[in-house]
Amino acid sequence: MPVEIGKVTIHVDNRPFAVTSGTNLLAACLSLGFDIPYFCWHPALGSAGACRLCAVKKYAGEKDTKGQIVMSCMEPVVDGLRISIDDPEARRFRASVIEWLMANHPHDCPVCDEGGECHLQDMTVMTGHIYREFRFRKRTHRNQNLGPFVHQEMNRCIQCHRCVRFYRDYAGGRDFADFSTRDRLYYGRHEDGALDSPFSGNLVEVCPTGVFTDKTFKRHYTRMWDLATAPSVCVHCSLGCNTIPGERYGTLRRVRNRYNGEVNGYFLCDRGRYGYEFVNDERRIRKVRLAGQNHSDGSGARELLLRRVAEAVSGPHPPVGIGSPRASLEANFALRELVGADRFYAGVSNSEWSLTVLAVDILRSGPARPASLKDAGISDAVFVLGEDVTNTAPLLDLALRQAVRRRPVDAAVKTGIPSWHDLAVRNFIQEEKGPLFVAVTRRTALSAVAGEFLLTPYEIERLGFAVARRISGDTSPTGLPPEVDAAAGTIARALDGAARPLVVAGVGSGIAGVLKAAADIARSLCHGGRRAGLCLVFPECNSVGLALMGGGGLEDGLERVLSGEAGTAIILENDLYRRAPANSIDSFFNRCRNVIALDHLDNRTTARAETVIPAATFAESEGTLVNNEGRAQRFYKVCPPPPGVRESWRWLHDFARAAGRREAGSWRNLDDIVRALAAEKPDLAGIREAAPPADFRVHGLKIPRESPRASGRTAVHAAEDVWENAPPQDPDSPLAFSMEGWAGFPPPPLIPRFWRPAWNSVQSVTQYQDEAGGPLRNGDPGRRLIEPPESVHTGPYEEDPPAEPPQIGEGMDLVPFFHIFGSEELSARSPGIAELTPEPVLLLHPDDALSFGIENGDRVELEVGGETVSRHRGSFEVGAFGGRVGGGPGA
């Protein structure tokens, strides 16, 4: 048979197959569609050879009839390799492995949360083991309380080592390990307590059994086959991780990872996984609230609402529209069309808006390519300027932890060790790490794997420009302190000597100069055919999409109201009190005659609005978000909105129709808005390719949101009525609210769950990939909107960086420190996240604290932007803050 370049031929049960060279036999066979059971192997973690379950028969040649048992995950693929999966001896061996692994298992599938989607169940059936002969006392363990996210049931453990390999080796956690003595092996912490790692929730999916399960799911548990699921996108940061939310009875029950090889791969951060419960919050807005009206539901209230909005839009003082970086492109565009492009504002402060627009312009100008999370993970030298990625873009932290292994792994490969042989590679590299440099204002979680420089924001900016000059060959004095200047040379040499350098910065730094310095470094690295990566972090899930759409900053919109030019403001999914000083927002409300707020949660803004309209959450609506690399991704509703609640764009469409806005009022579904948006904004035209249109069908069938094993609708509602009503209709997507539909492989943007016969667990994602660990069939979801030219002027972004730090006058220059739990608005409403949210803290250099007469642990009040942050809103505990390059005294 002909063999492609990069392919070799192997023979499986006397049949030839072309497979990719350089991989292991297990991955190759799974890619071919063969069912080989396994436990310890994971596409992201590599091979460990711990469970012995993936045994096959290997033959020395065509004439060898005896062969030998080998572990397929440890066997490299070579040309001419001959194996048998169905050999009787191999099958008996695999069955015996399952039998001894199950010897101490409690066999509690009917009460196990993992039941029905358990990899152990699947592999037991696959090996043919059906009867347990072990008759002795089972080994038992005490379970630990591991915090609000992960529930432990240690008696179910089969000792595959996956959990500790992920937690310690892959994610860098240090408070979780394996403890062993004789034949007793225990995975957990040295004592009860919440897991420290912000990626601990991945244990739920990494574990092939029910040892680690979702504790938040346990509060409203339902079997997985009764969950309606849909493809979605995380709304809790700018990275755009793909998710699969699960719903039943109108309650969002859980969120699981949805594989996207270019973005989040196999993993989620804990904020993305457990921040979903705001959807179920009792403080959800579920009815229209009209000032002066006692009844806010029914057709009468709706007609009154439409009349009021039409009068406001058509009146002598047209309204301003205040959009939101946490709302979809379609909702923001609908608001923009309602009020007019010149009266649409982005809904973030002018300072944040200018930084966001600058960052997007930098990405578009090139020549550095906007880096995806996959690109970040394979970089071989990284410089992070001013961004605490662990707290602002958590999965980028996970990617950078893989990047520091890239050079040592390459060195191991040169000695003949396969990159997939995880234990051999780690034994070879030991604690060796590649170059990762982080310049920040306080110590971060990456300090364990990075060279970290603690500097003031101004010094970070200067350091960045100095690195760019050194890379460009400029050796003139930088004016920096000697230790900082030496650091610039070290960083420049490491980046310039790399094949795949990466520069990371973000809007969170709050300084335009830091972004410009990052752009300068990336441009300087693009020479000799090398194209560096540039990864910029943005504040929210649709900050980039909003910047591509355009508009003004929040203060500009407020000024039109304060000046009397506009008498009405329509606020889209935005709490203005989080965007600007409270006294400014109070003045806005006092001046504005009519404030219309669309949102799904009550907040300080909705409390002051005359009209409050219940908007659907991400779980109840469809739309498009653009992530930090400029990738447009579609999210789909997992359930219809509750009664009285509608998608924001649908409310705004009705307002436009009532106000006589001809084009906006003619939209019939989401596709019509997408077409109008693409026509109006060429930079966003690619969103039409982000997902199939609503009329997409496979053999005339929609894609079902429900599992083929779902309980029937009659059974679900039998206590109310045995009459089976028609399922809800969804005119905005190719997905159906039922179990009926196409049961094959849908296009990647429409995959509502990963499941195939015999593969009920999350391990079934391999069945949807071209090759194990590779992209999904037909490509990973999303459409990149930003593709900068490769060849552009590569001179410095800013010729003359500031020589002196800015003068701040009286008071202190505050630098915000974000926290993964609590800093993001929506996830902070989830009980599990709230339990781990720390109290606010003010960090001061000891000398500054002494000058104010305060000590560590004191409670203080701050006046920020004219607003006093006092005890009733959360006090600030004073902590020590200091450090400089090399760990010297305070900065």
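What you are looking at is a predicted structure, and each value in this text was computed from that prediction instead of being measured. (Residues numbered from 1 in each chain as written. Predicted model: local features only at pLDDT ≥ 70, side-chain atom pairs only at ≥ 80, totals over all residues. Heavy atoms only, no water.)

Draft legend 1. Just helix H17 (residues 482–496), in detail. Taking 1.5 Å of rise per residue, the 15 residues of H17 would be expected to cover 21 Å, and the 21 Å separating its terminal C-alpha atoms lies within 8% of that figure. Along H17, the residues that are buried comprise Val484, Ala487, Ala488, Gly489, Ile491, Ala492, Ala494 and Leu495. (Helix = DSSP H or I, 4+ residues; strand = E, 2+ residues; numbered from the N terminus. Expected span 1.5 Å × (residues − 1). Buried < 20%, exposed > 50% of the residue type's maximum accessible area, 1.4 Å probe, protein only.)

Draft legend 2. Summary view of helix H16 (residues 457–471). Over its 15 residues, H16 extends 22 Å from the first C-alpha to the last, a length consistent with the 21 Å expected when each residue adds 1.5 Å. Here H16 lies mainly inside the structure; 12 of its 15 residues are buried. Listed as buried for H16 are Tyr458, Glu459, Ile460, Glu461, Arg462, Leu463, Gly464, Phe465, Ala466, Val467, Ala468 and Ile471. Elements that come into contact with the buried residues of H16 comprise strand S18 (381–385), strand S19 (436–440), H17 and helix H18 (512–525). (Contact = heavy atoms within 4.5 Å.)

Draft legend 3. Here's a closer look at the environment of Pro642. Along the chain, the position of Pro642 falls in the loop between strand S27 (631–635) and helix H23 (648–658). On a C-alpha basis, the gap between Pro642 and Ser354 in space is 37 Å, while along the polypeptide they are 288 residues apart.

Draft legend 4. Just the confidence of the model for the protein, in detail. Looking at the protein, the pLDDT average stands at 90 and 92% of residues meet or exceed 70. Low pLDDT, under 50, characterises residues 871–876; the predicted model gives this stretch 16 contacts beyond four residues in sequence or across chains. (pLDDT = per-residue confidence, 0-100.)

Draft legend 5. Summary view of the packing of aromatic side chains. The full count for this structure, using the stated rule, is 22 aromatic pairs. With 4.9 Å between their ring centres and 80 degrees between their planes, Phe745 and Tyr768 make a pair best called edge-to-face. Separated by 23 residues along the polypeptide, Phe745 in the loop between strand S29 (735–736) and strand S30 (783–784) and Tyr768 in the loop between S29 and S30 bring together distant segments of the chain. Phe745 sits in the partly exposed class, given a relative accessible area of 34%. Through a chain of ring-to-ring contacts, three or more aromatic side chains come together here, namely Phe166, Tyr170, Tyr259, Tyr266 and Phe267. Directly above the ring of Phe745 sits Arg777, whose terminal nitrogen or CZ lies 4.3 Å from the centroid. (Phe/Tyr/Trp six-rings, centres within 6.5 Å; stacked < 30°, edge-to-face > 60°. Lys NZ or Arg CZ within 6 Å of the ring centre and 35° of its normal.)

Draft legend 6. Geometry of the nonpolar core. Phe383, Leu385, Val467 and Ile521 are the most contacted members of the largest nonpolar core, which has 95 residues in total. In terms of residues, this core owes the most to one element, H18, which gives 8 residues. Setting aside residues no more than four positions away along its own chain, Leu385 makes contact with Ala439, Ile460, Gly464, Val503, Val504, Ala505, Gly506, Val514, Ala517, Ala518 and Ile521. (Core = buried A, V, L, I, M, F, W, Y, C linked by side-chain atoms within 4.5 Å.)

Draft legend 7. Inspection of a nonpolar patch on the surface at higher detail. On the surface, Met812, Leu814, Phe852 and Val864 cluster together to form a nonpolar patch covering roughly 340 Å² of accessible area. Mapped onto the secondary structure, Leu814 falls in the loop between S30 and helix H26 (831–836). Note on Leu814: relative accessible area 39%, which makes it partly exposed. (Patch = residues over 30% accessible without salt bridge, like charges linked within 9 Å, V, L, I, M, F, W, Y side chains within 5 Å. Areas by Shrake-Rupley, 256 points an atom, 1.4 Å probe, with all protein chains shown as cover. Salt bridge = Lys/Arg side-chain N within 4 Å of Asp/Glu carboxyl O.)

Draft legend 8. A look at unusual backbone geometry. Backbone torsion omega between Gly366 and Pro367 reads 0 degrees, so that peptide bond is classified as cis. Although it is not a glycine, Gln430 adopts a positive phi angle of roughly 50 degrees. The topology assignment puts Gln430 in the loop between helix H15 (422–429) and S19. Positive phi, close to 70 degrees, is recorded for Asn778, a residue that is not glycine. Checked against the element boundaries, Asn778 lands in the loop between S29 and S30.

Draft legend 9. Focus on the pattern of salt bridges. Applying the stated criterion to the full structure yields 56 salt bridges. Notably, a salt bridge pairs Asp175 with Arg189, separated by 2.9 Å at the nearest N-O pair. Here Asp175 is found in the loop between helix H4 (162–170) and strand S7 (177–181), whereas its partner Arg189 is found in the loop between strand S8 (184–188) and helix H5 (203–206), with 14 residues between them in sequence. Assessed through its relative accessible area of 9%, Asp175 is described here as buried. The exposure class assigned to Arg189 is buried, which follows from its relative accessible area of 10%. One salt bridge in this structure joins Asp281 and Arg283, with 3.0 Å as the shortest N-O distance.

Draft legend 10. View of the sheet that holds strand S3 (residues 55–59). If you trace the 5 strands from one edge of the open sheet to the other, you get S2-S1-S5-S3-S4, paired in mixed fashion. At either end of the open sheet lies a strand with only one pairing partner, and these are strand S2 (15–20) and strand S4 (68–71). With strand direction ignored, the average angle separating the axes of adjacent strands in the sheet is 40 degrees. Alignment of S3 against strand S5 (residues 82–84), held across 3 bridges, turns out to be antiparallel. Paired with Lys58 across the bridge in S5 is Ile83. Along the sheet face, helix H2 (residues 88–101) touches S3, S4 and S5 and points at about 155 degrees away from the line of S3. (Pairing = 2+ DSSP bridges. Axes fitted to C-alpha atoms, helices over the stretch in contact; angles between N-to-C directions.)

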